[in-house]
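Fold and geometry: a report
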Amino acid sequence: MAAGLRKRGQPASVGQPAGIWKQWLQRAWQERYLLLREPRYTLLVASCLCIAEVGITFWVIHRVAYTEIDWKAYMAQVEGFINGTYDYTQLQGDTGPLVYPAGFLYIFTGLFYATDRGTDIPMAQNIFAVLYLVTLVLVFLIYHQTSKVPPFVFFFMCCASYRVHSIFVLRLFNDPVAMALLFLSINLFLAQCWSWGCCCFSLAVSVKMNVLLFAPGLLFLLLTQFGFRGALPKLAICAALQNRGKYSGTAEGSFQKESSTPSPHT
């Protein structure tokens, strides 16, 4: 008898989630205009766009031709670093001497090995596609926490932007790596994790120094939040990651470590 009751009760329990989903979809349809205008729906709209971006990004990889600009130069410079060259004037690529800090070398060394010494372009594109999706999530989380931007704007920020897809998966620039670390640091700042945020910010600078353009804003926030004395330990975290080697600059602009075991300067 009890078994029979359980069997008769199963359809109701299975149908209950379906009913909840139906009510949710009906409510979403009724409030479809609010979905596009109200910041409280940021996570819902962002989730739908992220799912759409998975298909769009991999469609772009398979349908749009890859354009070589800097990737081979990156890999040539990394290969020189792996072979033991630490003088920046000697780390050469197709575009000239290396001009990026050491974080770039360390991260792209990993990509060098992950892509069969830089020759597996489809693998590199897939890695950057995942990086793009992670970056997109980080940006959406920032908008969710600030609750200032209407969700319809997000479509033009990602799905409708050819340039964003081009930078990430068709050109393989180093900018996406630096910006992903920057957006991670901003999320940490919003979560009041200031030390970890400063660490990630410094890592972003170590990949590409244009991130320093955000430094005045960060300094203002640190002074506002902690005062002068309280901000010093946070600034020390940023500085510590940029001083992992002692170098003396020569007149030609090269860097040579003062000790016997050199490593690139961040």
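What you see is a predicted model, and the numbers here were worked out from it, not measured in a lab.

A few points about the UniProt feature "transmembrane region" (unreviewed entry) in the protein chain
When the UniProt feature table is mapped onto this chain, "transmembrane region" (unreviewed entry) is found at residues 41-61, 98-115, 127-146, 180-205 and 211-228. Between the first and last C-alpha atoms of residues 127-146 the distance is 29 Å; the span itself is 100% helix and 0% strand. Secondary structure across residues 211-228 comprises 78% helix and 0% strand; the distance between its end C-alpha atoms is 23 Å.

What about unusual backbone geometry?
The phi angle at Ser147 is positive, at roughly 50 degrees, despite the residue not being glycine. Position of Ser147 relative to the elements: it lies in the loop between helix H6 (121-146) and helix H7 (153-157). The phi angle at Gln192 is positive, at roughly 65 degrees, despite the residue not being glycine. Structurally, Gln192 can be placed in the loop between helix H9 (175-190) and helix H10 (194-207).

Section: the layout of surface pockets
The space that makes up the largest pocket amounts to roughly 230 Å³. Looking at the largest pocket, the residues that line it are Tyr132, Thr135, Leu136, Val139, Met157, Val164, Ile167, Phe168, Asp175, Pro176, Met179 and Phe183. Of all elements in the fold, only H6, helix H8 (162-170) and H9 reach the threshold of two or more residues within the lining of the largest pocket. Within the lining of the largest pocket, the residues separate by chemical class into 10 nonpolar, 1 polar and 1 charged.

Comments concerning H6
Compared with the 38 Å implied by 1.5 Å per residue over 26 residues, the 37 Å span of H6 between its first and last C-alpha is a close match. Where H6 starts, the residue carrying a side-chain oxygen 3.2 Å from the main-chain nitrogen of Met123 turns out to be Asp120. Phi turns positive one or two residues past the end of H6, at Ser147, with a value near 50 degrees.

Describing the packing of aromatic side chains
Under the criterion given, the structure shown has 16 aromatic pairs. When the ring of Phe81 is compared with that of Tyr86, the centres are 5.8 Å apart and the planes differ by 85 degrees; the resulting orientation is edge-to-face. Relative to Phe154, the ring of Tyr143 has its centre 5.2 Å away and its plane inclined at 35 degrees; by these criteria the two rings are tilted. Remark: Phe154 occurs in helix H7 and Tyr143 occurs in helix H6; sequence separation between them is 11 residues. Feature note: the residues Trp71, Tyr74, Tyr100, Phe104, Phe108 and Phe128 constitute an aromatic cluster, connected by ring pairs. Note that Lys234 overlies the ring of Phe226, its terminal NZ or CZ placed 5.2 Å from the centroid.

Digging into a nonpolar patch on the surface
Together, Leu36, Phe152, Val153, Phe155 and Phe156 make up an exposed nonpolar region whose accessible area comes to about 470 Å². Ranked by the residues each element gives to the nonpolar patch, the list is headed by H7, at 3 residues. Given the relative accessible area of 43%, Leu36 is considered partly exposed.

What about the nonpolar core?
Membership of the largest hydrophobic core comes to 53 residues, with the highest contact counts inside it found for Trp71, Tyr74, Leu105, Phe108, Phe128, Phe140 and Val169. Sorting the residues of this core by element identifies helix H3 (42-63), helix H4 (71-82), helix H5 (102-114), H6, H8, H9, H10 and helix H11 (215-241) as the ones contributing at least two each. With 8 residues, H6 is the single largest residue contributor to this core. Split by domain, the residues of this core number at least three in each of domain 1 (36-172) and domain 2 (181-247). In contact with Phe140, not counting residues within four places along its chain, are Thr42, Ala46, Leu49, Cys50, Phe154, Met157 and Cys158.

Each value, and the rule that gives it
- Residues numbered from 1 in each chain as written.
- Predicted model: local features only at pLDDT ≥ 70, side-chain atom pairs only at ≥ 80, totals over all residues.
- Heavy atoms only, no water.
- UniProt positions renumbered as here; feature names shortened; annotations may be inferred.
- Helix = DSSP H or I, 4+ residues; strand = E, 2+ residues; numbered from the N terminus.
- 1 Å grid on protein atoms, 1.4 Å probe; cavity = no way out; pocket = protein on both sides within 12 Å on 5 of 7 lines; lining within 4 Å.
- Points joined across faces, edges and corners; volume = space filled by probe spheres on them.
- Nonpolar A, V, L, I, M, F, W, Y, C, P; charged D, E, K, R; others polar.
- Expected span 1.5 Å × (residues − 1).
- Polar contact = N/O pair within 3.5 Å; in protein donor to acceptor, adjacent residues only side chain to side chain.
- Phe/Tyr/Trp six-rings, centres within 6.5 Å; stacked < 30°, edge-to-face > 60°.
- Lys NZ or Arg CZ within 6 Å of the ring centre and 35° of its normal.
- Patch = residues over 30% accessible without salt bridge, like charges linked within 9 Å, V, L, I, M, F, W, Y side chains within 5 Å.
- Areas by Shrake-Rupley, 256 points an atom, 1.4 Å probe, with all protein chains shown as cover.
- Salt bridge = Lys/Arg side-chain N within 4 Å of Asp/Glu carboxyl O.
- Buried < 20%, exposed > 50% of the residue type's maximum accessible area, 1.4 Å probe, protein only.
- Core = buried A, V, L, I, M, F, W, Y, C linked by side-chain atoms within 4.5 Å.
- Domains from an automatic or database assignment.
- Contact = heavy atoms within 4.5 Å.

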